[in-house]
Structure formats: C-alpha cells, structure tokens
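These are the residues of each chain, in order.
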Amino acid sequence: MSASNGEKKQIRVWCDGCYDMVHFGHANSLRQAKALGDVLIVGVHTDEEIAKHKGPPVFTQEERYKMVKAIKWVDQVVEGAPYVTTLETLDKYQCDFCVHGDDITVTADGIDTYHLVKNAGRYREVQRTAGVSTTDLVGRMLLLTREHFKRGDKEYSVALEHSSNLGTDRTARSPYTGCSQFLPTTQKIIQFSSGLSPKPTDKVVYVAGAFDLFHVGHLDFLAAAHEQGDFIIVGLHTDLEVNRYKGSNYPIMNLHERVLSVLACKYVHEVVIGAPYSVTAELMDHFRVQVVCHGDTAIARDADGADPYAVPKRRGCFKIIKSGNSMTTEDIVQRIISHRLEFEMRNTRKEHKEIAAMKAIQSDHLKQNGTCLQQES
C-alpha cells in the first residue's frame, strides 16, 4: 500500500501485554513484531486489569511502563491499554495489525484476549521464546533453586531441571506456563546486538555487574551511565563469579539469559560476556574505555581481596554515579517471597485457564475437521 504522496506507507504494528518482570522473552517477541513493520506501538495493562484477569503483578504499572519504553525496538508505549485487544484500539493508534506470541492469553472468563482482531484478520503471530517466562522466574525465586546455573566445567551448560509446583519444568502440565530449555545461539546474540562499534570520537563508558533479573534499578543506572559518554559497554560476570560475591542462590538468571536481557536495553551498545571481576588495564585499553562507572552501592572485593576498580581509580577515570533508584535484585526476591501464596495461586489459576482454552481450541478443530470430512464424503 502506498501513501497519497507516492511514498510507501509506514506499517504500524501493535503489541500489548502485562510485561511484568520484563525479560529477554518479552524483548524477543517485540523484536520479531518490529521486524514485521516500521513502527512498533506497545500497550501495557494497568495493575488493576492484571489483578482482575491474572492475579497480582510483581512490578507496578509505572515500573512496567518504564521498562518497556527502554526496550530498543519499541517506538511508543500506550499506558493503560485494554486487556482485550479491540479494533478500535488498533484504529486509534493507526496500527495495521496486532502481533502476539504463539501462546494462549485469556481473560478471567477464559476468553481469548485476541479473538476480536483474529476474527477481523488483523492478527499476526510470532514464535514464543522457549525457556523463559515470568512464571519460571518467579518459580526460581520461590524455590531458591540453583539448578538454573552450573559450576566448573558445567558453567556454560543450560539447566534441564526447574523442579517446582508452578508448572515450570519440562513436564509441566501446561505448555504455556511450562517452560522449555533455553538454547543460546550466536544468531540470537546477533539479533539482539546493536552491531555498532564506537566511533573514534566516542567517549566509551564501561560498567560491570550481575544485572540479574534486569529491572528498573538497572535501567536508571544505565541511563545515568549513558549521560557520562557516547558508547556504553556492560561487563557481565559469570554465574560462578556472581554467586561468589552475592551468595545464596544468585544469580537467578544464568549468564546467557542476562546477556540478552541487557542487550535489549536501548542504552547498551555492547556486552562483554563473562567479564573479569576486576577491571583490568588490558580490558580498558582494548575497548578504549575512558570512564568506568559504578552505582552508589557497596563494592565487594575480588577473590584475592583486591579492589576490583583499582586500575580505573589509578587512571583517574572511576566515577560513582547516583541514579536516584535504590532497587536491587534482592528487593524483587523479597517482593516475591512476601507474596508467595498469591503468586502460587495466580500461576495455578493461569495454568487451569490455559488448559481449558487449549481444550476448547482442540475441540473446535475436531468439529471443523469432522464437518469437512462429512462434506467430502
């Protein structure tokens, strides 16, 4: 289709959802949606709507709005989007069609939230990212399992076991709340990467950390770091290293998952996978780092007791930045644990509704196939 002035009409794509505990699965869905058009508009539901249809969200609507706005493929966020996607919503934002993953989303009454746009032929489907879901991440925190990352020679393998009562393992009763093995590939990293190198005139900023369960605290820190220069490089520590200085069951997300979550952020240009805990002269020289930043939080010593920022401090380029946001990954875990029963009930209800919806779809298919066979005979 062409515009009236002869130029090709922009294809505007609509996505919507809860986007609770935004992770690389959400980002990958939005990346695929953006690839189907030119402009991506994302509607985010309110806390009230989510509580009504699914149960309590982990993050507030303001936190969720901010997180989605920071995903690099998103052009515009519509706050307080309706839970059931309507043609009026698509028309209001001049969107050609709606895009969603190949899983089932239903209302509190078990109705497909996309039935209106599907019936109108204004619905497209993209592949759901296997191996991650908000339900799975909540399950990891509730169970405090270490099975999502390995040590030693198994450090870079992907866990096969996520035993829980939340339907997050391979044998989960629902294939939608259930979560299959995440298989990291170079192609996936390329898809998420900006593919850019710093220009000779760019001021390169380096930050490092776990960036576990990527959240608004991380986001505000990276936004503040972005103000210090032109090209932001994030060093991500290995699972083993993160567990050394954080203890307990951390990290919640393994290294592969954390890489994609950070790469999806619009402030990040490059990621160092498995960065050394101590910022070395070799690393700084290789990437031409001019500023090394850290948040206004305690800095753990390296395994040998050394200051991990000794080199940038000697070079006079170390800077503590205040983002104005004190949220930590531990805060999120505490939110989950303090509302454990609510989240367990939420996920059980969600699973039951999805199974019922899936059976209804299968029944419709059988009826349609039976009608076709009668007509043929």
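Residues numbered from 1 in each chain as written. Predicted model: local features only at pLDDT ≥ 70, side-chain atom pairs only at ≥ 80, totals over all residues. Heavy atoms only, no water.

**Here we look at helix 10 (residues 255–263)**
In an α-helix there are 3.6 residues to a turn, and that puts residues three or four apart on one side.
Stage number 1. Counting buried positions along helix 10 yields nine of nine residues, so the element is predominantly enclosed.
Stage number 2. Of the positions making up helix 10, those classed as buried are Leu255, His256, Glu257, Arg258, Val259, Leu260, Ser261, Val262 and Leu263.
Stage number 3. For helix 10, the N-terminal cap is Asn254; the gap from its side-chain oxygen to the backbone nitrogen of His256 is 3.1 Å. (Buried < 20%, exposed > 50% of the residue type's maximum accessible area, 1.4 Å probe, protein only. Helix = DSSP H or I, 4+ residues; strand = E, 2+ residues; numbered from the N terminus. Polar contact = N/O pair within 3.5 Å; in protein donor to acceptor, adjacent residues only side chain to side chain.)

**Digging into the sheet that holds strand 9 (residues 289–295)**
Stage number 1. The parallel open sheet is built from five strands, whose spatial order is 8-7-6-9-10. With partners counted over all chains shown, the strands left at the sheet margins are strand 8 (270–273) and strand 10 (318–321), one partner each. Within this sheet the neighbouring strands show an average axis-to-axis angle of 30 degrees, counted without direction. (Pairing = 2+ DSSP bridges. Axes fitted to C-alpha atoms, helices over the stretch in contact; angles between N-to-C directions.)

**Some words on the pattern of salt bridges**
Stage number 1. On inspection of all chains with the given rule, the structure shows 16 salt bridges.
Stage number 2. We note a salt bridge from Arg335 to Glu63, for which the minimum N-O separation is 2.9 Å. A residue pair is termed long-range when its members are at least 10 positions apart, and Arg335 in helix 13 (residues 329–338) and Glu63 in helix 3 (residues 61–69) qualify at 272 residues.
Stage number 3. By relative accessible area, Glu63 is classed as buried at 15%.
Stage number 4. Two residues, Asp302 and Arg244, come together in a salt bridge whose shortest N-O distance is 3.9 Å. In this pair, Asp302 is assigned in the loop between strand 9 and helix 12 (310–314) and Arg244 in helix 9 (residues 239–246), connecting sequence segments 58 residues apart.
Stage number 5. A residue is classified by how much of its surface remains accessible, and Asp302, at 17% relative accessible area, is buried.
Stage number 6. Judged by its relative accessible area of 34%, Arg244 is partly exposed.
Stage number 7. By sharing partners, the salt bridges in this structure join Glu241, Arg244 and Asp302 into a single network. (Salt bridge = Lys/Arg side-chain N within 4 Å of Asp/Glu carboxyl O.)

**What to know about unusual backbone geometry**
Stage number 1. Note the cis peptide between Tyr250 and Pro251, where omega equals 0 degrees.
Stage number 2. Here the phi dihedral of Met21 falls at roughly 50 degrees; this positive angle occurs in a residue that is not glycine.
Stage number 3. Examined against the element boundaries, Met21 turns out to sit in the loop between strand 1 (12–17) and helix 1 (24–35).
Stage number 4. With relative accessibility at 5%, the residue Met21 sits in the buried group.
Stage number 5. Positive phi is not limited to glycine here, since Arg288 has a value of about 55 degrees.
Stage number 6. Looking at the secondary structure, you find Arg288 in the loop between helix 11 (281–286) and strand 9.

**Things to note about the confidence of the model for the chain**
Stage number 1. Taken as a whole, the chain shows an average pLDDT of 83; of its residues, 77% reach a score of 70 or greater.
Stage number 2. Note on residues 155–181: pLDDT is under 50 here. Beyond four places in sequence and across chains, it has 73 contacts. (pLDDT = per-residue confidence, 0-100. Contact = heavy atoms within 4.5 Å.)

**Considerations on the sheet that holds strand 4 (residues 97–101)**
Stage number 1. What the five strands build is an open sheet, ordered 3-2-1-4-5; its pairing is parallel. The outermost strands of the open sheet, each flanked by one partner alone, are strand 3 (76–79) and strand 5 (123–126). Geometrically, the sheet is characterised by an average inter-axis angle of 30 degrees between neighbouring strands, direction not taken into account.
Stage number 2. Pairing analysis gives two bridges linking strand 1 to strand 4, with the strands arranged parallel. Pairing of Trp14 across the sheet is with Cys98, part of strand 4.

**Points about the nonpolar core**
Stage number 1. In terms of nonpolar packing, the biggest core is built from 66 residues, with Met21, Val42, Val207, Phe211, Leu222 and Val234 touching the most fellow members.
Stage number 2. The dominant element in this core, judged by the number of residues it contributes, is helix 8 (residues 216–226), at six residues.
Stage number 3. Apart from residues lying up to four places away in sequence, Val234 is in contact with Tyr206, Val207, Phe211, Leu222, Val262, Val268, Glu270, Val271 and Val272. (Core = buried A, V, L, I, M, F, W, Y, C linked by side-chain atoms within 4.5 Å.)

**Quick look at helix 3**
Stage number 1. Looking only at helix 3, the buried set comprises Glu63, Arg64, Tyr65, Met67 and Val68.
Stage number 2. On its buried face, helix 3 is in contact with strand 2 (39–44), helix 2 (47–53), strand 3, helix 8 and helix 13.

**Quick look at the packing of aromatic side chains**
Aromatic rings in a pair are described by how distant their centres are and how their planes are angled relative to each other.
Stage number 1. Summed over all chains, the structure comprises six aromatic pairs.
Stage number 2. Ring centres 6.4 Å apart and planes at 35 degrees place the aromatic pair Phe211 and Phe221 in the tilted group. In this pair, Phe211 sits in the loop between strand 6 (204–209) and helix 8 while Phe221 sits in helix 8, placing the two residues 10 residues apart along the sequence. As far as burial versus exposure is concerned, Phe211 and Phe221 are alike and both buried.
Stage number 3. Each ring, one from Tyr245 and one from Tyr277, has its centre 5.0 Å from the other, and the planes form 35 degrees; the classification is tilted. Taken as a pair, Tyr245 in helix 9 and Tyr277 in the loop between strand 8 and helix 11 lie far apart in primary sequence, 32 residues in all.
Stage number 4. Looking at Tyr245, the relative accessible area reads 21%, which means it is partly exposed.
Stage number 5. Positioned above the aromatic ring of Tyr123 is the side chain of Lys118, whose terminal nitrogen or guanidinium carbon lies 5.0 Å from the ring centre.
Stage number 6. The lysine or arginine in question, Arg124, covers the ring of Phe97, its NZ or CZ lying 4.5 Å from the ring centre. (Phe/Tyr/Trp six-rings, centres within 6.5 Å; stacked < 30°, edge-to-face > 60°. Lys NZ or Arg CZ within 6 Å of the ring centre and 35° of its normal.)

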